[in-house]
Amino acid sequence: MVQDKPIKFGVIGAGKIGTFHTRTLAKMKGVTLVGVCDPDVMRAQKLAWAHNCTPYTKPEELVGQVDAVIVAAPTQLHHQIGMYFLEHGVHTLVEKPIAVTMEEARDLIQAAKRHNLVLQVGHVERFNPAVVEAVKYIKDPRFITITRQGPYDGRMANISVVLDLMIHDIDLLYTIVPSEVVHVDAVGLSVFSPHEDIANVRLHFANGAVADVTASRASFERARFMHLFQPDGYVSVDFMNARVKTYSKEKPVINNMNDLTVNYPKVEKQLPITAEILHFIDCIKTARTPAPSGEKGTKALELALQICEKMNRFDIPKTGHLHTPKPLQAISTVARAAQAVLDETLGQFKGDEK
């Protein structure tokens, strides 16, 4: 590929995340947005026409027309679609989680290596400007708390909140803690979907660090915070508002909070998804390995699946159904369970009206 030519992109999936990627690519210099692909022809047309590109309903229609694709399809299709494009010589950014199983994830990595292509995983929180700035002040964290919560989105009912939301924080922890996880304590509860909608996890690292991570998609309020405690102070990160606060010890012995220096580092304002795609483009042009590589995405997936398995060992009462299917159960089973929850909810509403 000649580096000074525009990179031709396609987006697979015209849902919420696919819309963000399409909108971002349409505004970028050095990029030609070829088209958007979605099996729902009306949805593909609406998104493509709004951004001056062509709608497609089959991924294979983009082969030969694009240099790179962003796969924003449902997780169950990541492996199938990602493999197809990698085997046809197309650089691929696949949304998180990289795949459903470890075997699928390894397939994607090997395909990218065979064809000397860039495989990037959409761990977009790495590119949050608050995270980028906070990393400068993180030194040997001993205890970390992360909270990520928001309203329920039925489109993600087919996977656990761990694979949906918490996997962002798993990836961040592996980025800022230079150690391996040696012990996992986890508890979760399904509220609206057949899988866990709330999860709390405590991770113990080999270097002694401990992380307490909570993810919920059963909250009316959105919140995304990270707090890191380390020997020389404390770092607070507000993901949503892109803010960082640091507290530093100025004396060996602290008598009160006045003995701490509080700073508010300046955070560069940039949309994380823009920075993510720019990183992908740079890796394509320079043949560099992306920061959220296939290997890093697979490592995050491995721990996420371990957490899901750990939660399944606990006999916690479920709401709306008798049992929680295994995280990797067939999509048809998930659909039936989701319908059961919907039927029960509608029945409750009808009962209230009487």
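Residues numbered from 1 in each chain as written. Predicted model: local features only at pLDDT ≥ 70, side-chain atom pairs only at ≥ 80, totals over all residues. Heavy atoms only, no water.

Caption draft 1: Inspection of the pairing of strand β13 (residues 243–249) at higher detail. Direction of pairing for strand β12 (residues 233–238) relative to β13: antiparallel, over a ladder of six bridges. Across the sheet, the residue bridging to Val-235 is Thr-246, located in β13. Where β13 and strand β14 (residues 260–263) come together, four bridges link them in antiparallel fashion. Paired with Lys-249 across the strands is Leu-260, a residue of β14. (Pairing = 2+ DSSP bridges. Helix = DSSP H or I, 4+ residues; strand = E, 2+ residues; numbered from the N terminus.)

Caption draft 2: Representation of the sheet that holds β14 in the model. Strand order in the open sheet formed by eight strands is β8-β9-β10-β7-β11-β12-β13-β14, and the pairing between neighbours is mixed. Two strands in the sheet have a free side with no partner beyond their single neighbour: β8 (181–189) and β14. Across the sheet, the mean angle separating the axes of adjacent strands is 10 degrees when strand polarity is ignored. Across the sheet, helix α6 (residues 161–176) lies against β7 (143–149), β8, β9 (198–205), β10 (210–216) and β11 (223–230), angled at about 155 degrees from β10, the strand it touches most. Relative to β8, helix α8 (residues 294–312) is tilted by about 55 degrees, and along the sheet it contacts β8 and β9. (Axes fitted to C-alpha atoms, helices over the stretch in contact; angles between N-to-C directions. Contact = heavy atoms within 4.5 Å.)

Caption draft 3: Representation of the pattern of salt bridges within the structure. Within this structure, the stated rule accounts for 14 salt bridges. For the salt bridge of Glu-180 with Lys-299, the shortest nitrogen-to-oxygen distance reads 2.8 Å. With Glu-180 in the loop between α6 and β8 and Lys-299 in helix α8, the pair connects residues that are 119 residues apart, well separated along the chain. A salt bridge links Asp-197 to Arg-217, with the shortest nitrogen-to-oxygen separation between them at 2.7 Å. Of this pair, Asp-197 sits in the loop between β8 and β9 while Arg-217 sits in the loop between β10 and β11, and the two are 20 residues apart along the sequence. Through salt bridges with shared partners, a single network forms among Lys-96, Asp-164, Asp-197 and Arg-217. (Salt bridge = Lys/Arg side-chain N within 4 Å of Asp/Glu carboxyl O.)

Caption draft 4: Molecular detail of helix α2 (residues 41–50). The set of residues buried in α2 consists of Ala-44, Leu-47 and Ala-48. Along α2, the residues classed as buried sweep out an arc of 95 degrees about the axis, all on the same side. In α2, the exposed residues that point more than 90 degrees away from the buried face are Met-42, Lys-46, Trp-49 and Ala-50. Buried residues in α2 make contact with α1 (16–27), β2 (31–37) and β3 (54–56). Looking at where α2 begins, the residue whose side-chain oxygen comes 3.2 Å from the main-chain nitrogen of Met-42 is Asp-40. Asn-52 lies just past α2 and shows a positive phi near 60 degrees. (Buried < 20%, exposed > 50% of the residue type's maximum accessible area, 1.4 Å probe, protein only. Arc of directions from axis to C-beta. Polar contact = N/O pair within 3.5 Å; in protein donor to acceptor, adjacent residues only side chain to side chain.)

Note that every value here comes from positions in space, so none of it alone points to a role or purpose.
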